[in-house]
Amino acid sequence: MISRSRALVSVSLVALVALTQPAWAAENQRLGIDLPTQSLALSLDQLAGQARVQLLYAADSLRGLSAPAVKGDLAVEDALRQLLTGSGYEAHANGANSFVIVKAPMTSRLETVTVIATRTENRAFDVPASVSTVTREQIDDAQAKDIATIVRDIPGVTMGGTPREGGQLPTIRGYQGPDIILRVDDARRSLDASVGIFTPLYLDPNFVKQVDVVRGPSSATYGGGGLGGVMAFQTIDADDILDPGQSVGGRAKTGWRSGDGSASANLSGAARADGANVLASASLRNYRNINDGAGGENLQNGTATNGLFKLGFAPNDLNAFQASYMRYFDAGFGPTNPASNDAATTGFKYTERSQDEFTGRWTFKDSGRDMLDGKVSAFYTDLKYDGQTRSTSTSNFTLNVKTVGGSAQNSSRFATSALFHRLTYGVDGYQDELTNTSAGGANGVNPDGTMQAGGGFLQDEIQLAPDWTLTPTLRYDSYKAEASAQPSNTNHHLSPKIAVKWQALPAFGVFASYGEAFRAPTLTELYMTALGTNKFSNFTPNAALRPETSRAKEFGFTVALDGVVAPKDAFRFKATGFDESVKDLINQTTISTYTRTAPFSGTGSNYQYQNVSNAHRWGGEAEASYRLGDWDFGLGYSRLRVKDRSTGNNLFAPPDKLTASTAYFVDDFLSLRYGARFVAAQNYDSTVSRRRDGYTVHDIGASYERDAYRIDFGVSNLFDKGYSTYHQSLATSYVYEEGRSFNLSLTAKF
């Protein structure tokens, strides 16, 4: 449960240690402290005795919490800080030689630390870019059943396509597929357009620790594909399962949802000792047909079995090594295209979907993190779809994308004259290998092929003055795409970016940036081939496609106010606007028509991917949070418009979205939540069949956490709204999202 800021202190609950010895200013006195690993309450009692101070705390609130060993010559405040690290509590001075232990105030999502925007540690609120984060606490509170549930409230982000997990496509600022960069624990998740109706992101929500989203050009930092931005996921570690001071422990969780009749279970265990740690987590989820808000059903029936294993070792404070393996496996029946309910057109298949990921990482630093502060990582991912009709093998298919890659980076801190620098530099690269089969043989439409890409970057975060920061970045990338019996496609690009921030007042800051980005054409866009009047549709290859490039200007401001209407309230607001020109936008175009012959009839279309000369994109995002005592409020808003300059047509652009959230912390154990998404109508797309009505969806929930147990109950889509999202892979497919769902989960730690 997210912590609340008010302490409950009463005679019946307070453990009071008050010694009668003469008092002194404890905070200025260093004492010999020697506390073993044990319960937090016992450590506090022993600290009070050793330091001769008075500590006040609510005994029930600390039940089940552990504390690490603390030893050395320490001030009382330093010893308390070490004992309370990771517990969700903090110590406040209460006069001479007296401290009160209270719940730490909740951290705004805008103030969460992120390492994605600049590949270095910064608060999301301070980065001169449009950045959002979702924490593990927010994921638990949302009772997330899939990645779409996790990111749905982030401004400028959608995960549309269908309520079926297999067809949910991540989108940032209207960019999707190869136009955005997806990363899971530094591993790049690649997906060629040939399987663009399927999600590239199979990931169990139980494994997710934090999500970071950077909106806007990111090629200068991460390379090709960064036109829309970056969506990065961190998975849980042993420290996320174990309490401070705990050596061995675990977590068990079970859940049920009425919306899709799903039952789920997760079991995680972890251990740590002498610099080594291990984590193992496994999940099982059975799902059934999805009841939509329009009185119908989205057909599906299957089981997902997932696992995560991590092994870490830190021989000293300067080096750490980690290796991990994660697997997602889903098998079940449903439409061949998960974004459609028309089985007669798209087929109804038994499909096995799997995603395997291996990662290895070495992080290093020197004692002051001055010249050395970096990491080296390598990864391998294997994404596979295997569709079977179970009646005839002639329509069976497999789609397989294997990606291998790695990266190395380091940051150095130094000063030149009156300027302070954090210089970050590195290289990375990857190779995609795409294999497609149909009816047991080679796929005649999508040829097999490889994509190789790599580059290097240099970034300097310069502190010009106490209130001025300048961050220039430059990156060089090259790529090469090849397919059998087809000409190769190669190119290179230099991507610059520069950002400046001025903290004009302690409560007010402004920032601006200019950045360029690019992305290479995919193997499918280059080489998809299907010619003949006996085919439902024709596709003509275009090996001469040029990479997409964009130039974007961003501007924004931040507001941070404390004590607005009450002594301990906090208001945070961040807004970003952008204006972007895209050259050589890759778009599927109808180049001719033909009269179909048997086994089909009617008029068919011949498609080809071509470059659109110039597109104009503009819009913005805003986020706000306000904390007042036991109340927490949040707002998010995003807007996007995209136009083809040459024709004036309105191109693909998700509609305006406003999200609102409210949480009330009744006491130290019980919290209540409300959330809503207000989505405007998309009635201006020049592709009329893609337009969608607007809608509003409301969610409510409650959490009760005490000792080692937690229970969550919620109702999503409270008023059973029937709605279809704008973002679906088939423009003419109206797949309604999940209707009202009653959701229950139970969690126990041991």
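Residues numbered from 1 in each chain as written. Predicted model: local features only at pLDDT ≥ 70, side-chain atom pairs only at ≥ 80, totals over all residues. Heavy atoms only, no water.

## Some words on the sheet that holds strand β17 (residues 208-215)
Thought 1: Strand order in the open sheet formed by 5 strands is β11-β17-β18-β15-β16, with mixed pairing between adjacent strands. Looking along the sheet, the strands with just one partner apiece sit at the ends: β11 (130-135) and β16 (187-188).
Thought 2: Two elements, strand β15 (residues 180-184) and β16, share 2 bridges in a ladder whose sense is antiparallel. Directly across from Arg-183, in β16, lies its bridge partner Arg-188. (Pairing = 2+ DSSP bridges. Helix = DSSP H or I, 4+ residues; strand = E, 2+ residues; numbered from the N terminus.)

## Some words on the nonpolar core
Thought 1: Ile-147, Ile-150, Val-151, Val-208, Val-211, Met-231 and Phe-233 are the most contacted members of the largest nonpolar core, which has 37 residues in total.
Thought 2: Elements supplying a minimum of two residues to this core: α5 (147-151), β12 (157-160), β15, β17, β18 (229-235), α7 (238-241), β37 (570-595) and β38 (603-628).
Thought 3: The biggest single contributor to this core is α5, with 4 residues.
Thought 4: Beyond its immediate sequence surroundings of up to four residues, Phe-233 is in contact with Ile-147, Arg-183, Val-184, Asp-185, Leu-201, Leu-203, Val-208, Gln-210 and Val-211.
Thought 5: Counting 24 residues, the second-largest nonpolar core is a separate cluster that includes Leu-40, Ala-48, Leu-55 and Phe-99. (Core = buried A, V, L, I, M, F, W, Y, C linked by side-chain atoms within 4.5 Å. Buried < 20%, exposed > 50% of the residue type's maximum accessible area, 1.4 Å probe, protein only. Contact = heavy atoms within 4.5 Å.)

## Remarks on the confidence of the model for the protein
Thought 1: Residues at a pLDDT of 70 or more form 92% of the protein, whose mean pLDDT is 88.
Thought 2: A low-confidence stretch, residues 1-27 (pLDDT under 50), is modelled with 72 contacts involving residues beyond four sequence positions or located in other chains. (pLDDT = per-residue confidence, 0-100.)

## Focus on the sheet that holds β12
Thought 1: With antiparallel pairing, 3 strands are arranged side by side in an open sheet as β12-β13-β14. Each end of this open sheet is capped by a strand with a single partner; those strands are β12 and β14 (175-176).
Thought 2: Bridge count between strand β13 (residues 169-172) and β14: 2 bridges; the pairing is antiparallel. By the bridge assignment, Ile-172 is partnered in β14 with Tyr-175.

## A look at a nonpolar patch on the surface
Thought 1: A cluster of nonpolar side chains, namely Trp-256, Tyr-704, Ile-711, Phe-713, Phe-742, Leu-744 and Leu-746, defines an oily patch on the protein surface of about 630 Å² accessible area.
Thought 2: Among the elements that make up the nonpolar patch, the one with the highest residue count is strand β44 (residues 741-749) (3 residues).
Thought 3: As for its position among the elements, Phe-713 is in strand β43 (residues 709-716).
Thought 4: The exposure class of Phe-713 is partly exposed, given its relative accessible area of 42%. (Patch = residues over 30% accessible without salt bridge, like charges linked within 9 Å, V, L, I, M, F, W, Y side chains within 5 Å. Areas by Shrake-Rupley, 256 points an atom, 1.4 Å probe, with all protein chains shown as cover. Salt bridge = Lys/Arg side-chain N within 4 Å of Asp/Glu carboxyl O.)

## What to know about the pairing of strand β41 (residues 670-679)
Thought 1: In this sheet, β41 lies alongside strand β40 (residues 657-665) in antiparallel orientation, the contact comprising 9 bridges. Along β41, the bridge assignment pairs Leu-658 with Phe-678.
Thought 2: Two elements, β41 and strand β42 (residues 695-706), share 10 bridges in a ladder whose sense is antiparallel. In the sheet register, Ala-676 faces β42, and the bridge partner there is His-698.

## Describing the side chain of Asp-186
Thought 1: Structurally, the position occupied by Asp-186 is in the loop between β15 and β16.
Thought 2: A distance of 3.1 Å separates the side chain of Asp-186 from the side chain of Arg-183, its partner in a polar contact.
Thought 3: In contact with Asp-186, other than residues within four places in its own chain, are Arg-361, Lys-375, Ser-377 and Phe-379. (Polar contact = N/O pair within 3.5 Å; in protein donor to acceptor, adjacent residues only side chain to side chain.)

## So, the pairing of strand β28 (residues 397-416)
Thought 1: Relative to β28, strand β27 (residues 373-388) is paired through 14 bridges, and the arrangement is antiparallel. Looking across to β28, one finds that Tyr-380 is bridged to Val-404.
Thought 2: Relative to strand β29 (residues 419-438), β28 runs antiparallel, the two being bridged by 20 bridges. Among the inter-strand pairings, Ala-415 is bridged to a residue of β29, identified as Phe-420.
Thought 3: Linking β28 back to β29 in an antiparallel pair, the connection comprises 2 residues, with Ser-417 at a positive phi of about 55°.

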